[in-house]
Amino acid sequence: FKAQHGHCNVSRNDEGNKSLGEWVRTQRKSYKKNTLNSDRIQQLNSIGFIWDPLEHAWNEKFYQLCAFKAQNGHCNVSENDGPNKSLGLW
């Protein structure tokens, strides 16, 4: 999946990968409950597994905002700014 899509964030709603998406969800749940063994955590970390997709998405937008501010001197991103529309909506 990662080789094909460039990430490990498999949705359980992905019709072509439902069972893999459920497995990913189970790994995240086990990790949050501290029931996933350290070898498996290390293996998943080694391929860039994202443990908390919501936190990851927030951090990605925050980094984009930092770059926007560095380039523009402010954080007032317009929703009408084509290349930054999703950042403006965030």
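Relevant structure appears above.
These numbers come from a predicted model, not from an experiment. (Residues numbered from 1 in each chain as written. Predicted model: local features only at pLDDT ≥ 70, side-chain atom pairs only at ≥ 80, totals over all residues. Heavy atoms only, no water.)

A word on the overall build of the chain
Argument step 1. Each helix and strand in the chain was counted, giving five helices and zero strands.
Argument step 2. N-terminal to C-terminal, the α/β element order of the chain is α-α-α-α-α.
Argument step 3. Taken over C-alpha atoms, the radius of gyration comes to 17 Å for the chain, far larger than the 12 Å a tight globule of 90 residues would show.
Argument step 4. Seen through its principal axes, the chain has C-alpha atoms that stretch 45 × 30 × 25 Å.
Argument step 5. Looking at the chain as a whole, 20% of its 90 residues qualify as buried.
Argument step 6. Sequence-distant contacts, at least 24 apart, represent 21% of the contacts inside the chain between residues at least 6 apart.
Argument step 7. Accessible surface for the chain amounts to roughly 6800 Å². Of this, 48% is attributable to carbon and sulfur atoms. (Helix = DSSP H or I, 4+ residues; strand = E, 2+ residues; numbered from the N terminus. Rg over C-alpha atoms; globule rule 2.2 N^0.38 Å. Buried < 20%, exposed > 50% of the residue type's maximum accessible area, 1.4 Å probe, protein only. Contact = heavy atoms within 4.5 Å. Areas by Shrake-Rupley, 256 points an atom, 1.4 Å probe, with all protein chains shown as cover.)

Describing the packing of aromatic side chains
Argument step 1. Summed over all chains, the structure comprises five aromatic pairs.
Argument step 2. For the pair Tyr 31 and Trp 51, a centre-to-centre distance of 4.0 Å together with 15° between the ring planes defines the contact as stacked. On the criterion of sequence distance, the pair formed by Tyr 31 in helix 2 (residues 18-32) and Trp 51 in the loop between helix 3 (38-46) and helix 4 (53-72) is long-range, its members being 20 residues apart.
Argument step 3. Classification of Tyr 31 by relative accessible area gives partly exposed; the value is 33%.
Argument step 4. Centre to centre, the rings of Trp 58 and Phe 62 are 5.4 Å apart; their planes meet at 5°, and the pair counts as stacked. Taken together, the residues span about one helical turn, with Trp 58 and Phe 62 both in helix 4 at a distance of four residues.
Argument step 5. Residue class for Trp 58 comes out partly exposed when judged on its relative accessible area of 46%. (Phe/Tyr/Trp six-rings, centres within 6.5 Å; stacked < 30°, edge-to-face > 60°.)

Points about the pattern of salt bridges
Argument step 1. Applying the stated criterion across every chain yields a total of three salt bridges.
Argument step 2. As a salt-bridge pair, Arg 12 and Glu 22 come within 3.8 Å of each other at their nearest N and O atoms. You can see Arg 12 sitting in the loop between helix 1 (2-5) and helix 2 and its partner Glu 22 sitting in helix 2, a full ten residues away along the chain.
Argument step 3. A relative accessible area of 39% means that Arg 12 is categorised as partly exposed. (Salt bridge = Lys/Arg side-chain N within 4 Å of Asp/Glu carboxyl O.)

Let's talk about the environment of Tyr 31
Argument step 1. Sequence spacing of Tyr 31 and His 7 is 24 residues, and the spatial spacing of their C-alpha atoms is 19 Å.
Argument step 2. Apart from the residues lying within four places of it in its own chain, the contact partners of Tyr 31 are Leu 36, Ile 41 and Trp 51.

Section: unusual backbone geometry
Argument step 1. Positive phi outside glycine occurs at Asn 34, with the angle close to 60°.
Argument step 2. Secondary-structure assignment places Asn 34 in the loop between helix 2 and helix 3.

Remarks on helix 2
Argument step 1. Its 15 residues give helix 2 an end-to-end C-alpha distance of 21 Å, which sits within 8% of 21 Å, the value for a rise of 1.5 Å per residue.
Argument step 2. Within helix 2 the residues assigned to the buried category are Gly 21, Val 24, Gln 27, Arg 28 and Ser 30.
Argument step 3. Positive backbone phi, at 60°, marks Asn 34, one or two positions downstream of helix 2. (Expected span 1.5 Å × (residues − 1).)

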